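Observations on the three-dimensional arrangement
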Amino acid sequence: MFDITKIRADFPILKREVNGKPLVYLDNAATSQTPQQVIDVIVDYYHRLNANIHRGVHTLSQEATDAYEQARIKIQKHFNIAKPQEVILTSGTTHSINLVANGFSSLLKEGDELLVSAMEHHSNIVPWQMLCERTGSVLKVIPMNANGELVMEDFHSLLSEKTRLVFCNHVSNALGTINPIEAIISASHEVGAAVLVDGAQASPHIKADLQALDVDFYTISAHKVCGPTGVGMLYGKEAWLKKLPPYQGGGEMIAEVTFDKTTYADLPHKFEAGTPNICGGIAFGAALDYMNSIGFETISSYEAELLAYATEELLKIEGLKIYGTAANKTSVISFNIDGIHPYDIGTILDKLGIAVRTGHHCAQPIMDFYKIPGTVRASFSFYNTKEEVDVLVAGVERAKNMLL
C-alpha cells in the first residue's frame, strides 16, 4: 500500500516552515529531497568508515572500499547493466557528458555530424558545441513541435551515413516530455551512430533497463533520486569505454607510472582519477534502495495522479498557459500567466512557502522556441500531495490578483 503519510515522515525537511508557512516543495526537477534512511547512511559513513578506498590495507580502507563497490553493484542491478565495470561513478550528469565529449575528440573528423534534440539541458548542448569546435564536426538539431514533442520525421531525415553521435534526454527537465528514445536508439544504430541519453530527469520516475534499450551511453545524477549532490553515473558499453581515452590523469586511473610512460588501469578505474566522493557513492546506492522499496510502478502511478490533478486545477486559472503538453510526460508543469513575468510569480509563491523554479531551466532554446523569457515550473515527486497542489493553485491565484 502507498502510505503518503508514512513516506512524508521519511523526509525531515518537509516538516519545516518557510516564511512562516509550511514548506510546499515543488522544485523536484532541480533536486529531490533526501529521506532519513539516506541521511543515516551518510552519517554512518563518517562515524564508522571514513577512509580512502582501493589503496589501503587497513580495515577502515577495506570496509569503505567494500561499501563503495557494493554501491556500484546496486547501480548496475538497478539499471540492468551487464557488467559493473560499465558503471563509471562521476560527480553527476554534466561530468558524465563532458567525459564522453572529451573522449570523442580523437574519434571524430571534419564533416562528421552530431544530432542533438531541441529540448536539451545546456549540459547536453554546450559540450557538443565545444567538441565540434575542436574537431570540425557539425551539430544538427532535431526540432520539436508546439506540444513539446520531437518531430520524428525530421529526425529520420537528419540521420545519414555522416551521423556519428546522437544526443537526447530521456525526459525534458523543462517540459516533462518523455522522449521516444527506443526509436531514436534503434534508428541511430541503423546508420552506425552511437547514442548518449541524458537520464537525469527520467531517473526519479522511470527505471530504465539499459540492456533492453541497447543505448551506448546513459547518464544520471544521484540528487535527482533522493541521493546526495556531487555524485552520478555514466553508463557506457564496455566496447565504447575501451575506445575512449581517460578524461583526467592522476591517482587510481593508472596501472603503472614511470617518467617515460604511463599505462592506464582497467575499467572502471580508467575514468575515476583521484579520491572519489566515497560517501556520496555509498549514499547513491542507499537512495536507489529507498526508491526501490517504494517501487517505481507505484511512484509512476501516484505521480500521474498528481500531474492530472494539478493540470486540471491550474488550467482553471484564467490566462494560465501550460508549455509542454505532450501525450507522454512526467510530473512537471511549466506555465505562465498572460502579462506577468514568471520571476514575479515565483517570488510571491516563495513568500507563501511554495518552492518552484522560474526562468529558462538551463534549457534556453526551448524558451526561444516559444518566444518567452522563461516559465514557472512546478515539478512533483511521490512525497507531494493533492493538498499541496491546492496550496499551489491558491498561491498562483493570489499572485495573479496581486500582479495584474
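Residues numbered from 1 in each chain as written. Predicted model: local features only at pLDDT ≥ 70, side-chain atom pairs only at ≥ 80, totals over all residues. Heavy atoms only, no water.

**Observations regarding the packing of helix H2 (residues 36–49) against helix H3 (residues 59–78)**
Between two packed helices, both the angle of their axes relative to each other and the distance between the axes serve to describe the pair. Direction vectors running N to C along H2 and H3 enclose 155°, while the axes themselves pass 10 Å from each other. Accordingly, the angle class assigned to the pair H2 and H3 is roughly antiparallel. On the side of H2, the interface is formed by Tyr 45, Arg 48 and Leu 49, while H3 contributes Leu 60, Glu 63, Ala 64 and Ala 67. In terms of residue class, the contact of H2 with H3 is made up of 5 nonpolar, no polar and 2 charged. (Axes fitted to C-alpha atoms, helices over the stretch in contact; angles between N-to-C directions. Helix = DSSP H or I, 4+ residues; strand = E, 2+ residues; numbered from the N terminus. Parallel < 35°, antiparallel > 145°, perpendicular 65-115°, else oblique. Contact = heavy atoms within 4.5 Å. Nonpolar A, V, L, I, M, F, W, Y, C, P; charged D, E, K, R; others polar.)

**As for the sheet that holds strand S9 (residues 217–221)**
With mixed pairing, the 7 strands of this open sheet are ordered in space as S4-S10-S9-S8-S7-S5-S6. Where the open sheet ends on each side, the last strands, each with one partner, are strand S4 (87–90) and strand S6 (138–142). Strand-to-strand twist of the sheet, defined as the mean angle between neighbouring strand axes without regard to direction, takes the value 20°. Two strands pair when backbone bridges link them, and S4 and strand S10 (residues 232–236) are joined in this way by 4 bridges, in the antiparallel orientation. Residue pairing for S10: Thr 90 is matched across the bridge by Gly 232. (Pairing = 2+ DSSP bridges.)

**Let's talk about the domain arrangement of the protein**
Along its sequence, the protein is organised into domain 1 (4–27 + 295–403) and domain 2 (51–292). Distance from the C-alpha centre of domain 1 to the C-alpha centre of domain 2: 29 Å. Taken residue by residue, the interface counts 32 residues in domain 1 and 30 residues in domain 2. Taken together, the connections running from domain 1 to domain 2 amount to 0 salt bridges. On inspection of domain 1 and its partner domain 2, the count reaches 17 residue pairs in polar contact (both at pLDDT 80 or more). Breaking the side of domain 1 that touches domain 2 down by element, the ones donating at least two residues are helix H11 (296–314), strand S14 (332–337) and helix H13 (364–370). The leading source of residues in the side of domain 1 that touches domain 2 is H13, at 6 residues. (Domains from an automatic or database assignment. Salt bridge = Lys/Arg side-chain N within 4 Å of Asp/Glu carboxyl O. Polar contact = N/O pair within 3.5 Å; in protein donor to acceptor, adjacent residues only side chain to side chain.)

**Looking at the pattern of salt bridges**
Across all of its chains, the model carries 16 salt bridges by this definition. Measuring nitrogen to oxygen at the nearest pair gives 2.7 Å for the salt bridge that ties Arg 48 to Asp 44. Highlighted residues: Arg 48 and Asp 44, both in helix H2, separated by 4 residues, approximately one helical turn. The exposure class of Arg 48 is partly exposed, given its relative accessible area of 48%. You can call Asp 44 partly exposed: its relative accessible area is 28%. (Buried < 20%, exposed > 50% of the residue type's maximum accessible area, 1.4 Å probe, protein only.)

**What about unusual backbone geometry?**
Of all residues except glycine, most have a negative phi; of all peptide bonds, most are trans. A cis geometry characterises the amide bond from Leu 267 onward to Pro 268, with omega recorded as 0°. You can see Pro 268 is positioned in the loop between strand S12 (262–264) and helix H10 (278–294). Within the chain, Asp 214 stands out as a residue other than glycine whose phi angle is a positive 60°. Summarising the element assignment, Asp 214 is placed in the loop between helix H8 (210–213) and S9. One non-glycine residue with positive phi stands out, namely His 361, at about 60°. By secondary structure assignment, the location of His 361 is in the loop between strand S16 (357–359) and H13.

**A few points about the pairing of strand S17 (residues 375–379)**
Burial of S17 is extensive: 5 of the 5 residues sit out of reach of the surface. Residues Thr 375, Arg 377 and Ser 379 line one face of S17 and the alternating positions Val 376 and Ala 378 line the opposite face, and both faces are buried. In terms of strand pairing, S14 meets S17 through 4 bridges, oriented antiparallel. Looking at the pairing, Val 332 lines up with Ser 379 of S17.

**A word on the packing of H10 against H11**
As a packed pair, H10 and H11 sit with axes 6 Å apart at the nearest point and diverge in direction by 70°. In terms of their interaxial angle, H10 and H11 are classed as roughly perpendicular. Of H11, the residues touching H10 (which contributes Met 291, Asn 292 and Ile 294) are Phe 296, Thr 298 and Ile 299.

**Overview of the pairing of S10**
Counted residue by residue, S10 has 5 buried out of 5 residues, so it is predominantly covered. Bridge count for S9 against S10 is 5 bridges, and the pairing is antiparallel. In the sheet register, Ile 220 faces S10, and the bridge partner there is Met 233.

**Side note on H10**
With 17 residues, H10 should reach 24 Å at 1.5 Å per residue; the first-to-last C-alpha distance of 25 Å fits that figure. Burial within H10 is extensive, with 14 of its 17 residues counted as buried. Looking at the residues trailing H10, positive phi occurs at Gly 295, about 105°. (Expected span 1.5 Å × (residues − 1).)

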